[in-house]
Amino acid sequence: MAHRNINMEYVNVPKTPSSSSNDQKWLRLVLLSFGLLCILQATLNVTLRIFLSTDTNALDLDGTCKNFTVKKKEDFAPFFQDNWVYFNTSLYYISTAKRNWENSRRFCMQRNADLIVINSKQEQEFVRTFHRFMWIGLTMTQGKWMWVDNTPLTTSYWGPGEPSMNLENEDCVESRFFEVEHTWNDLKCEDINFWICEKIMPL
Ligand SMILES: [Ca+2]
Ligand SMILES: [Ca+2]
């Protein structure tokens, strides 16, 4: 009996200031949780957006990919995943390993590309930005400097004192003196070096 009396009294007690204050605490907690969820959702959205844009566009050095169709983005995606970069209508691969000139070229050709042919000052400047010694697609062929696409050398960027024809067998060319505009050096083709491939991908 005693228990029943106690329960009835409890049920009939009007709300005290302390129970009202508990309700407010719960309400605040719910609102705070909701707010936190909103912030979490917004953060997730931003993170995903940054991640997706990095995946497709971050290696597009001149921003051209922004105008790509969905189809183009699909064509380029495997290259970007393999660390190729896009610049001014070509894709480029800058090696992280070192090989001799012939094997460097083979690496590019196996990917339907070739060692870089430098056609413009803009492209020459682009190569410089990597601050690395790299084979380029220029060799001495039958007494003439020829590009790998069989075009003869016209505009050149030989470094100071280069090509040093006085030394024997320097028949392959690297981009070397990246601190200056004229970076090229002729070198023995058997030496090992980083390299840069080019795959022309017109829009
Ligand atoms: Ca080129
Ligand atoms: Ca040299």
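Residues numbered from 1 in each chain as written. Chains lettered and ligands numbered in written order. Predicted model: local features only at pLDDT ≥ 70, side-chain atom pairs only at ≥ 80, totals over all residues.

## Some thoughts on the overall build of the protein
Consideration 1: Scanning the protein from N- to C-terminus turns up 5 helices and 8 strands.
Consideration 2: Starting at the N terminus and walking to the C terminus, you meet the elements of the protein as α-α-α-β-β-α-β-α-β-β-β-β-β.
Consideration 3: Taken across its 203 residues, the protein has 21% of its residues classed as buried.
Consideration 4: Counting only contacts in the protein whose residues sit at least 6 apart along the sequence, the fraction spanning at least 24 positions is 61%. (Helix = DSSP H or I, 4+ residues; strand = E, 2+ residues; numbered from the N terminus. Buried ≥ 20, exposed ≤ 12 C-beta atoms within 10 Å, placed from the backbone. Contact = placed C-beta atoms within 7 Å.)

## Here we look at the confidence of the model for the protein
Consideration 1: On average, residues of the protein score 83 in pLDDT, and 80% of them are at 70 or above.
Consideration 2: Below pLDDT 50 for its whole length, residues 1–14 participates in 0 contacts with residues either more than four positions away or in separate chains.
Consideration 3: Here residues 50–56 scores under 50 on pLDDT; set against residues more than four positions off or in separate chains, the count is 4 contacts. (pLDDT = per-residue confidence, 0-100.)

## Concerning the nonpolar core
Consideration 1: Judged by nonpolar contacts, the single largest core of 29 residues is most densely connected at Tyr92, Leu115, Ile116, Trp135, Ile136, Ile196 and Cys197.
Consideration 2: Sorting the residues of this core by element identifies helix 3 (70–81), strand 2 (90–94), helix 4 (101–109), helix 5 (121–128), strand 4 (134–141), strand 6 (172–175), strand 7 (184–187) and strand 8 (194–200) as the ones contributing at least two each.
Consideration 3: Element by element, the count of residues in this core is highest for strand 4, at 4 residues. (Core = buried A, V, L, I, M, F, W, Y, C linked by C-beta atoms within 7 Å.)

## A short note on helix 3
Consideration 1: For helix 3, which comprises 12 residues, the first-to-last C-alpha distance of 16 Å matches the rise-based estimate of 16 Å (1.5 Å per residue) to within 8%.
Consideration 2: Looking one or two residues beyond helix 3, the residue adopting positive phi is Asn83, at roughly 70°. (Expected span 1.5 Å × (residues − 1).)

## Looking at unusual backbone geometry
Consideration 1: Residue Pro163 is reached from Glu162 by a cis peptide bond, and omega for that bond is 0°.
Consideration 2: With respect to the secondary-structure elements, Pro163 resides in the loop between strand 5 (144–147) and strand 6.
Consideration 3: Backbone geometry at Asn88 places phi at a positive 50°, although glycine is not the residue there.
Consideration 4: Here Asn88 shows up in the loop between strand 1 (85–87) and strand 2.
Consideration 5: Positive phi is not limited to glycine here, since His131 has a value of about 50°.
Consideration 6: Counting through the fold element by element, His131 comes out in the loop between helix 5 and strand 4.

## Digging into the pairing of strand 5
Consideration 1: Here 4 bridges tie strand 4 to strand 5, and the two strands are oriented antiparallel to one another. Across the sheet, residue Thr141 finds its bridge partner in strand 5, namely Lys144.
Consideration 2: The antiparallel hairpin formed by strand 4 and strand 5 contains 2 residues in its connecting segment, where Gln142 sits at a positive phi of about 50°. (Pairing = 2+ DSSP bridges.)

## Brief notes about helix 4
Consideration 1: Regarding helix 4, the residues found buried are Trp101, Ser104, Arg105 and Cys108. Here the buried residues of helix 4 occupy an arc of 100° about the axis, which is enough to place them on one side. Opposite its buried face, helix 4 presents the exposed residues Glu102 and Arg106, each directed more than 90 degrees away.
Consideration 2: Elements in contact with the buried residues of helix 4: strand 3 (114–115), strand 4, strand 6 and strand 8. (Arc of directions from axis to C-beta.)

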